Each structure stands twice: as structure tokens, then as C-alpha cells.
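Single-letter residue listing:
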Amino acid sequence: KPLVSSSGGRSSAVRPVPAALATMDAPRVTSDEAIAAAHATLVATFRSGRTKPLAWRREQLEAMKRMVIENSDQICAAIQQDLGRPKMEAVLGEVTAGLAGV
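What you see is a predicted model, and the numbers here were worked out from it, not measured in a lab. (Residues numbered from 1 in each chain as written. Predicted model: local features only at pLDDT ≥ 70, side-chain atom pairs only at ≥ 80, totals over all residues. Heavy atoms only, no water.)

## Here's the deal with the packing of helix H4 (residues 72-83) against helix H5 (residues 87-100)
Contact geometry of H4 with H5 gives a least axis separation of 9 Å together with a crossing angle of 110°. When the interaxial angle is binned, H4 and H5 end up roughly perpendicular. Across from Ser72, Asp73, Ile75, Cys76 and Ile79 in H4, the residues of H5 making contact are Lys87, Ala90, Val91, Glu94 and Val95. Partitioning the contact of H4 with H5 into residue classes produces 6 nonpolar, 1 polar and 3 charged. (Axes fitted to C-alpha atoms, helices over the stretch in contact; angles between N-to-C directions. Helix = DSSP H or I, 4+ residues; strand = E, 2+ residues; numbered from the N terminus. Parallel < 35°, antiparallel > 145°, perpendicular 65-115°, else oblique. Contact = heavy atoms within 4.5 Å. Nonpolar A, V, L, I, M, F, W, Y, C, P; charged D, E, K, R; others polar.)

Put into C-alpha cells, the structure is as follows:
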């Protein structure tokens, strides 16, 4: 059964979520200790060097932007062929929106 903090997240005590709420797609709240442990794991992973440096990640994002821009005609053609969307709709709804997210 999903659990939620009984005091708004300030305590490690948890209680079951009411059945009516358990079926909703609401975020699940866990104890402060579980959150702290997850955070510590993420920090340790980052500090271990297993993640790529910020400059490398930025270069990858810039390369992704260039790839989308350079291939936007092919992307739009594929969207038109697969989904039947006109080119302008593909440009606005997919290409431009995708670039904005990078």
C-alpha cells in the first residue's frame, strides 16, 4: 500500500494512503530518512566521477541541437509520412518544441 508522511514530511512516521487516493497518480512521499539516503546515493555517484563533466554534457546538448536543425527537413518528412502532419505543424509542434527543451 502506498505510504505518506503523517505530518507533512517532517517526521519519519508514515501511514497508509486512503484507498480513494491510492489509485491517483499523485507523487508518493516517503520518510525523511529514505529521501536523505537517496540523496546521499546520488551525491556519492556524482562525486565518484561516474557522471560526465558539465562541459561534456553541454557539448552533447549543443550537438543534439545542431543535429535537429541540420536534419529538420528529414524529421518533418518522416512526421508527415508517419503521422500525416503538414510540414509547418511538424516544425512548430515537434522540431521547435524539441529544440526549446534542449
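## Notes on the side chain of Ser31
Tracing the chain through its elements places Ser31 in the loop between helix H1 (19-22) and helix H2 (32-47). For Ser31, a relative accessible area of 15% translates into the label buried. Only 3.1 Å separates the side chain of Ser31 from the backbone nitrogen of Ala34, close enough to count as a polar contact. (Buried < 20%, exposed > 50% of the residue type's maximum accessible area, 1.4 Å probe, protein only. Polar contact = N/O pair within 3.5 Å; in protein donor to acceptor, adjacent residues only side chain to side chain.)

## Some remarks on the packing of helix H3 (residues 54-70) against H4
Where H3 contacts H4, the two axes come as close as 4 Å, and the packing angle between them is 65°. When the axes of H3 and H4 are compared, the pair comes out roughly perpendicular. Contacts between H3 and H4 involve Val68, Ile69 and Glu70 from the first element and Ser72, Gln74 and Ile75 from the second. Across the contact of H3 with H4, the residue classes break down as 3 nonpolar, 2 polar and 1 charged.

## Quick word on H4
Over its 12 residues, H4 runs 16 Å from end to end, which matches the ideal 16 Å to within 8%, given 1.5 Å per residue. Of the residues making up H4, those classed as buried are Ser72, Cys76 and Ile79. One side of H4 holds all its buried residues, which, seen down the axis, span an arc of 60°. The exposed residues of H4 that point more than 90 degrees off its buried face are Gln81 and Asp82. Tucked into the core, H4 has its buried residues touching H3 and H5. Phi turns positive one or two residues past the end of H4, at Gly84, with a value near 75°. (Expected span 1.5 Å × (residues − 1). Arc of directions from axis to C-beta.)

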